[in-house]
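# Fold and contact review
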Amino acid sequence: MDFNLSEERNLLAETAGRFFARAGGARALIDNKADNDAFWQEASGLGLVEALLPAEAGGLGGTAVDLMLIFELTGKHLISAPFLSTAILGAMPLWLSGAAGNQSLLAGVAAGRTRLALAAAEAEARYDLSQVDTHAERQPDGSFLLSGHKAVVLDGGRADYLLVTAKLAADSPDIAIFAVDTRAQGLRIRSYATIDGFQAADIWLEECTGRLVTDRGGPILEQTEAAGALCVSAQAVGMMEVMKDTTIDYVKTRKQFGRSIGSFQVIQQRLVDMMWEIEQARSAVMLAASRLDSEPDERDRAISAAKSLTGRTGKMVAEEAVQLHGGIAMCWETEIAHYAKRLVMADHLLGDSDYHLQRVMRLSR
């Protein structure tokens, strides 16, 4: 895969970078203005949502390079808008299923009118999205009633529609995916803020009506999860770059014993270790992007390797940056604190470093 950006993608990166720098950042989190409808509409108007969707979904991109490009920038600028929850985790099951009935939802996503959320994780399943206890019952009129509980649904409380995974029969090996209107009867949503500025929700379905998207959702869910993990990994690399640069600038100006602390060899060595680890993580993410459309085992091995490495490296970078900044890094008013919290939490999105390390070992046998 050629990772040299074309003229169009360079233009997209410049446009997205300027827009995110103006509208995002830790200051937006501190002022509680990190996500709003006006921002999402403007992002959609600039084509940033369409860049994450392929042509069959009404988009203009959707390749692994597009995903890396946009999500690294969302990481750099701490963007809390629903790029991941709506344009990736929500939209991918719709366009991968190929059903004609999904076009209106996808058109709404591309235009910034519709927000989606993937309700797949369950409390007893840890990170394994294939473990599904939620069930659906077909009614005589052909409709479906869903019952079950979904946990930690990213942006679930702000979504217009949920993509809910369920079993059509208790002993069925297949996973079905349903589109559920968040205004439907029998649906209860408890929304809450996460420590890194995002929103999540627990969702209860009690004979709630859903529209069948696909009854062969296993491979679709796996592809969606892989793309989401790639996006989170790219986002983590963007955050690590900012934390590294911010820390370097700080140690150049912070003085102790009459000298900048950046002049001490031990500090320089810690910064070199940070830079080395970040470059390894970036290389792993690039390899994962090149394997996103490969065979499932090859894809999952590369994706899990990148997710595990960025999770481990992210925690190391967060700890080093906070320690080198000293007590000021623990203050709500400083940017480094918000980057550290989001970087640590990114490790737990779609599987933490231990989960993915075990997955790599299993797939490498």
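So, here is what we can say about the structure in this document. Along each chain, the written sequence defines residue order, and numbers are assigned to residues from 1. Thresholds applied to this predicted model are a pLDDT of at least 70 for local features of residues and 80 or more for the giving and counting of side-chain atom pairs; totals over whole chains, interfaces and linings are not thresholded and use all residues. In computing side-chain values, all of the structure's heavy atoms are included and hydrogens and water are not.

## Examining the overall build of the protein chain
- For the protein chain, the helix and strand inventory stands at eleven helices and nine strands.
- What you see for the protein chain is a C-alpha radius of gyration of 21 Å, in line with the 21 Å of a compact globule of 365 residues.
- Based on the C-alpha atoms only, the size of the protein chain along its principal axes is roughly 80 × 50 × 40 Å.
- Counting only residues that meet the buried cut, the protein chain has 55% of its 365 residues in that class.
- Pairs at least 24 residues apart make up 73% of the contacts formed inside the protein chain by residues separated by at least 6 positions.
- Residue burial considers only the protein chains on display, and all accessible areas are found by Shrake-Rupley using a 1.4 Å probe. If you sum the accessible surface of the protein chain, you get close to 16,300 Å²; carbon and sulfur atoms cover 51% of it. Secondary structure counts use DSSP, requiring at least four H or I residues in a row for a helix and at least two E residues in a row for a strand, with both numbered from the N terminus. Only C-alpha atoms enter the radius of gyration; for comparison, a globular chain is expected to reach 2.2 Å times N to the power 0.38, where N is the number of residues. Note on exposure labels: buried denotes an accessible area under 20% of the residue type's maximum, exposed denotes more than 50%, and partly exposed covers the range between, all computed with a 1.4 Å probe on protein chains only. Here a residue-residue contact requires only that any non-hydrogen atoms of the pair lie within 4.5 Å.

## Some thoughts on the environment of Thr-224
- Position of Thr-224 among the secondary structure elements: in helix α7 (residues 218-253).
- Along the sequence, Thr-224 and His-149 sit 75 residues apart, while their C-alpha atoms lie 21 Å from each other.

## Some thoughts on the layout of surface pockets
- Grid points spaced at 1 Å over the protein atoms alone were grouped into cavities, where a 1.4 Å probe fits but cannot get out, and pockets, open sets with protein on both sides within 12 Å along at least five of seven lines, with lining residues defined by an atom within 4 Å of a point. Grid points are joined across faces, edges and corners, and a volume is the space filled by probe spheres set on the points. Quantified by volume, the largest pocket comes out at close to 570 Å³.
- Around the largest pocket, the lining comprises 28 residues; the ones closest to its centre are Ala-121, Val-152, His-348, Leu-349 and Leu-350.
- Elements represented by at least two residues in the lining of the largest pocket include exactly α5 (83-97), β1 (116-119), β3 (144-154) and α10 (335-346).
- Here the element with the most residues in the lining of the largest pocket is β3; it accounts for four residues.
- Considered class by class, the residues forming the lining of the largest pocket number 20 nonpolar, four polar and four charged. Amino acids outside the nonpolar list (Ala, Val, Leu, Ile, Met, Phe, Trp, Tyr, Cys, Pro) and the charged list (Asp, Glu, Lys, Arg) are all regarded as polar, and Gly is one of them.

In short, the description is geometric, and any link to function would need to be established separately.
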